[in-house]
Amino acid sequence: MKQLALLGATGSIGDSVCAIVRKHPERFGFFAMSAHSNWQKALQLAIEFKPRHLIITEHQAHQALQTESLPSGTQLHWGGDVLNGVVAEPEVDLVVAAIVGSAGMASVMAAVAAGKTLLLANKESIVSAGALVMPLAKEKGAQIIPLDSEHNAVFQCLPDGYQTGHRPKQVKHITLTASGGPFWSKPMTEFASITPGQAVAHPKWDMGAKISVDSATLMNKGLEVIEAHWLFDLGEQDIDVVVHPQSTIHSLVHYVDGSVLAQLGSPDMQIPISYGLGLRDRLENEGAFLDLLALSRLDFHEPDTEKFPCLRLAREAIQAGGTLPAVLNAANEVSVAAFLEGQMGFMEIPSVNESLMMQYGAVPVTSLEQLQALDAEVRAAAQKLIGKKN
Ligand code: NAD
Ligand code: MG
């Protein structure tokens, strides 16, 4: 029985993890779960799964939950420091990083420092802190298994003993597929009137609000190029992106002999997550499995970086290296939140992100504390810039 620490249990990835655990109660149990503000859902999960530890990271939510009745075996805690301690506990077999944003950075570092097997959904952590996380994982023998569907697909197409953080042998390049999001075919002249409601309505995947907006701007694919750069030790030029509206091929690996391996499946996060939880052993899933005849065709297009500049920004951030990906990520988290709150338009997301990249530039990454301070600084500067525009 594998004991899990599920960080970000109340989100969309958290839902998929819980759904898999529900189907395989003999294989998985929860040592710990974390949630930020949705204490009601955290309470429900605690009642159902009885984790040993429940960590609430937002203060008010912790206060509210304190008065409710938790199962007798579940200890309630508050705050990020406890979270970082709990992931390192010897009872934890697998840490699932499903927090959204760079808020997950410290817990990802803590899991890797403890040599844990890390199932990584929280791409922002690796985007911002890849320069620290990957060398530390090698040093501590921590295995990182990607849950992001594209990276999980690449991982599935690499040989069995392959460990992330190493450049895969005999691989020429990889191709990440992108659905294109909801505005792929929308004329750019209509972009100014895009509403948050339209942006979060993803045509293929059901996900949290932030990543849905990232998919609509193609920032998500940009973050994924950076994520792939760290996970597979590939240069930016070795990571292609194609728009594939059916979201059936999740990514491809091109080998030196001309062979191309791809992973296909219906767009359901339970498929990549179960491959991670099973540590490459395949767990039985239910659901709408792929029907090739119903699908009938697969289309591919070149991404349009004039309509979607965020993909270009990500490539520039890798080329400059150092702290620039962390700057881009922090700026983007603030611009997406501002767009969702109706403070600015859809088209301003890339321009705010680019302004902050130009303002901050790149310096070498030295420590987690440096990245956390930079993250806070860029967020404040982005907020100021957005305030001025209004
Ligand atoms: P979500 O918004 O649905 O859930 C986010 C989770 O993080 C919640 O449990 C929330 O309590 C927690 N959280 C939020 N802010 C926090 C903070 N400041 N400190 C600690 N915890 C906090 O997001 P999601 O869609 O589940 O995505 C989670 C991560 O997985 C993201 O990094 C996303 O890019 C990645 N991802 C998601 C999908 C998907 O299908 N949803 C696919 C690939 C990758
Ligand atoms: Mg993805």
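Here, every reference points to the structure presented above.
The following paragraphs examine the structure supplied in this document. No experiment lies behind these values; they were computed from the predicted model shown. (Residues numbered from 1 in each chain as written. Chains lettered and ligands numbered in written order. Predicted model: local features only at pLDDT ≥ 70, side-chain atom pairs only at ≥ 80, totals over all residues. Heavy atoms only, no water.)

## Focus: the overall build of the protein chain
Okay, so step 1: On a plain count of helices and strands, the protein chain comes out with 16 helices and 11 strands.
Okay, so step 2: Radius of gyration (C-alpha) of the protein chain: 20 Å, near the 21 Å computed for a compact globule of 390 residues.
Okay, so step 3: Projected onto its principal axes, the C-alpha coordinates of the protein chain cover approximately 55 × 55 × 40 Å.
Okay, so step 4: The burial tally for the protein chain puts 56% of its 390 residues in the buried class.
Okay, so step 5: Sequence-distant contacts in the protein chain: of pairs separated by 6 or more residues, those separated by 24 or more amount to 70%. (Helix = DSSP H or I, 4+ residues; strand = E, 2+ residues; numbered from the N terminus. Rg over C-alpha atoms; globule rule 2.2 N^0.38 Å. Buried < 20%, exposed > 50% of the residue type's maximum accessible area, 1.4 Å probe, protein only. Contact = heavy atoms within 4.5 Å.)

## Focus on the nonpolar core
Okay, so step 1: The biggest cluster of nonpolar side chains holds 127 residues, and the ones touching the most others in it are I174 and L277.
Okay, so step 2: For this core, the element with the most residues is helix α14 (residues 324-340), which contributes 10 residues.
Okay, so step 3: Leaving out residues up to four positions away in the same chain, I174 has contacts with V154, A228, F232, L234, D238, I239, D240, L252, V253 and H254. (Core = buried A, V, L, I, M, F, W, Y, C linked by side-chain atoms within 4.5 Å.)

## Points about the site of ligand 1
Okay, so step 1: T10, S12, I13, H36 and E124 are the nearest of the 22 residues found near ligand 1.
Okay, so step 2: With respect to ligand 1, the side chain of T10 contributes an N or O atom lying 2.8 Å from an oxygen atom.
Okay, so step 3: In the model, an oxygen atom of ligand 1 is placed 3.4 Å from a nitrogen or oxygen of the A121 main chain.
Okay, so step 4: Protein contact buries 86% of the 830 Å² of open area that ligand 1 shows by itself.
Okay, so step 5: Elements with a contribution of two residues or more to the shell around ligand 1: α1 (12-23) and α6 (123-140).
Okay, so step 6: By residue class, the composition of the shell around ligand 1 is 11 nonpolar, eight polar and three charged. (Near = heavy atom within 4 Å. Polar contact = N/O pair within 3.5 Å; in protein donor to acceptor, adjacent residues only side chain to side chain. Areas by Shrake-Rupley, 256 points an atom, 1.4 Å probe, with all protein chains shown as cover. Nonpolar A, V, L, I, M, F, W, Y, C, P; charged D, E, K, R; others polar.)

## As for the coordination of the magnesium ion (ligand 2)
Okay, so step 1: Of the protein atoms, only D148 (OD), E150 (OE) and E224 (OE) coordinate the magnesium ion (ligand 2), at distances of 2.1 to 2.2 Å.
Okay, so step 2: Motif for the magnesium ion (ligand 2), donor spacing along one chain: D-x1-E-x73-E. Of this pair, D148 sits in the loop between β7 (144-146) and α7 (149-156) while E224 is found in helix α10 (residues 219-231), placing the two residues 76 residues apart along the sequence. Both residues of the pair, D148 and E224, count as buried. (Donors = N, O, S within 2.8 Å, 3.2 Å for Na, K, Ca; no water.)

## Some remarks on the sheet that holds strand β2 (residues 28-35)
Okay, so step 1: Across the sheet, seven strands lie side by side as β4-β3-β2-β1-β5-β6-β7; this open sheet has parallel pairing. The outermost strands of the open sheet, each flanked by one partner alone, are β4 (75-78) and β7. Along the sheet, successive strands turn relative to each other by an average axial angle of 20°, direction set aside.
Okay, so step 2: The strands that helix α2 (residues 39-49) touches are β2 and β3 (53-56); relative to β2, the one it contacts most, it runs at about 165°. (Pairing = 2+ DSSP bridges. Axes fitted to C-alpha atoms, helices over the stretch in contact; angles between N-to-C directions.)

## Some details on the packing of aromatic side chains
Okay, so step 1: Considering all chains together, one arrives at 10 aromatic pairs under this definition.
Okay, so step 2: Ring centres of F30 and F49 lie 5.0 Å apart, and the angle between their planes is 75°; on these two criteria the pair is classed as edge-to-face. With F30 in strand β2 and F49 in helix α2, this residue pair connects regions lying 19 residues apart in the sequence.
Okay, so step 3: We classify F49 as buried; its relative accessible area is 16%.
Okay, so step 4: Here F191 and F346 contribute two aromatic rings whose centre-to-centre distance is 5.8 Å and whose plane-to-plane angle is 85°, an arrangement assigned as edge-to-face. Remark: F346 occurs in the loop between α14 and α15 (348-360) and F191 occurs in the loop between β8 (171-178) and α8 (196-200); sequence separation between them is 155 residues.
Okay, so step 5: The buried category is assigned to F191, whose relative accessible area is 1%.
Okay, so step 6: Among the residues examined, F346 registers a relative accessible area of 3% and is labelled buried.
Okay, so step 7: Here a set of aromatic residues connected by ring pairs shows up, and it is made of F183, W184, F191, F308, F339 and F346. (Phe/Tyr/Trp six-rings, centres within 6.5 Å; stacked < 30°, edge-to-face > 60°.)

## Section: α14
Each turn of an α-helix holds 3.6 residues, which means side chains three or four residues apart point in the same direction.
Okay, so step 1: Given a rise of 1.5 Å per residue, 17 residues ought to cover 24 Å, and the 24 Å separating the end C-alpha atoms of α14 matches this to within 8%.
Okay, so step 2: The element α14 is largely enclosed, with a buried count of 15 among its 17 residues. (Expected span 1.5 Å × (residues − 1).)

## Brief notes about the environment of Q263
Okay, so step 1: Locating Q263 in the fold gives a position in strand β11 (residues 260-264).
Okay, so step 2: Beyond its immediate stretch of four places on either side in the chain, Q263 contacts A153, Q156, C157, T248, I249, H250, S251 and I271.

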